[in-house]
Each structure stands twice: as structure tokens, then as C-alpha cells.
Amino acid sequence: MRKLIFGMNVTLDGYIAAPGDDIGWGGPPSDELFQWWLDRERASELTLYGRKLWETMSSYWPTGDQQPDVTPAQIEFARNWRDTPKVVFSSTIDKVGWNTRLVTGDAVAEITRLKAGDGGPMGIGGATLAGAAMRAGLIDEYALATYPVLVGGGTPFFTALDGWVNLNLVETRTFPGGVVLTRYETRR
């Protein structure tokens, strides 16, 4: 069975985006944090996206290695992003590119099917999609890069759940700028 990992940058008060879908609260990540995310992306064999996060990522990373002042890590991230197989879950878009497959049907059923298959870890991103996977008990690991900022509202990292989910802390790390990484595995 494949492992499903939900990880994102998050504010101290638990939001991945401030009101108005503003994600500028964190500023650019430190080189060390960017490298950590790159290493995680390299380890993932498949990435699952909700529509909003797909639109954000696909608006930049296909040509992210061609931007002015690009770093070697950003070049590698762009290449890895293009090469890694991706699945986008949406009923409102009709076309995807860059080694990506579109799923318009039941996301939980498809994620369950993908998890049951052979292969390495899968990453999942996007609050709505990850929330559905969370409620279905499909997330195996949570990775939060928590920034020292309060935004007071917006899109939460965690969704409302019907019951408790017990977790085990597997990593804590501090990055420049006061960013604290915590990783948890779901206790099964």
C-alpha cells in the first residue's frame, strides 16, 4: 500500500492561505526550507492536486527554471515538478498538461484506488482535496512548515473531522526565519 502525505506551509494560527486566497504571508522560503520541500517532492512518485493548488503550481513551475535569478534548487524543483506524474481532481477544468491526468469523478474513491496500488509515496495538496482525504482516513503523514505569523482567517490546513485522529510525532526541525517543521504519522 502506498503512503499518502499531506504537507504545506501554514501560519501559526493554522491557515494555508489568508483571506482572499493570499499566500504571501510567508514570503519566499529560506534556502534550507526550499531544499527540504524539494527533497520531499523528489521522494514522491505521484502528486495529487485540487484545482486551486494545481492552478497556482501550473502557473509558475512549468517555466520556473527559466525565471530571472533562479537558484539551482529552483531549477531542480521545476524539472522535478514537470517530470513527476500528477493527478488533478476537478469538475471545473477540462485540460491539464505536464505529465498530469485529470479526474472529474469521486476523488476519495480514486485516492483509495491509488493508495492500494504498488509504488512509492504520494503527496496530496490543496485544502479541499486533502480535507476529503482526511475525513476518509486516507492521510498517512502530515508535514507542517509553520511560519511565525497570524492571519486571523482564511483557508485552514485541517478540515472538520467526525472523530479524533491520533498521531505520532516523527520529526521536528527549525528553519531560518523562525519556521518550525513538524511531521506526524497517523497512528493506525
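Before reading on, note that the structure itself is shown above.
For the structure given in this document, a descriptive report is provided here. (Residues numbered from 1 in each chain as written. Predicted model: local features only at pLDDT ≥ 70, side-chain atom pairs only at ≥ 80, totals over all residues. Heavy atoms only, no water.)

### Focus: the overall build of the protein
Scanning the protein from N- to C-terminus turns up five helices and ten strands. Its C-alpha atoms give the protein a radius of gyration of 16 Å, near enough to 16 Å, the size a compact globule of 188 residues would have. Seen through its C-alpha atoms, the protein measures out along the principal axes to roughly 40 × 35 × 30 Å. Here the protein holds 188 residues, and 45% of them are scored as buried. (Helix = DSSP H or I, 4+ residues; strand = E, 2+ residues; numbered from the N terminus. Rg over C-alpha atoms; globule rule 2.2 N^0.38 Å. Buried < 20%, exposed > 50% of the residue type's maximum accessible area, 1.4 Å probe, protein only.)

### Quick word on the sheet that holds strand β3 (residues 46–50)
Spatially, β5-β4-β3-β6-β1-β7-β10-β9 is the arrangement adopted by the eight strands of the open sheet, whose pairing is mixed. Lying at the two open borders of the sheet, with one neighbouring strand each, are β5 (100–103) and β9 (167–175). When strand polarity is set aside, the average angle formed by the axes of neighbouring strands in this sheet is 20°. Examined bridge by bridge, strand β7 (residues 141–147) and strand β10 (residues 179–186) share six bridges and lie antiparallel to one another. Counterpart to T146 in the pairing with β10 is V180. Running at roughly 165° to β7, helix α1 (residues 31–43) makes contact with β1 (4–11), β3, β7, β9 and β10 of the sheet. (Pairing = 2+ DSSP bridges. Axes fitted to C-alpha atoms, helices over the stretch in contact; angles between N-to-C directions. Contact = heavy atoms within 4.5 Å.)

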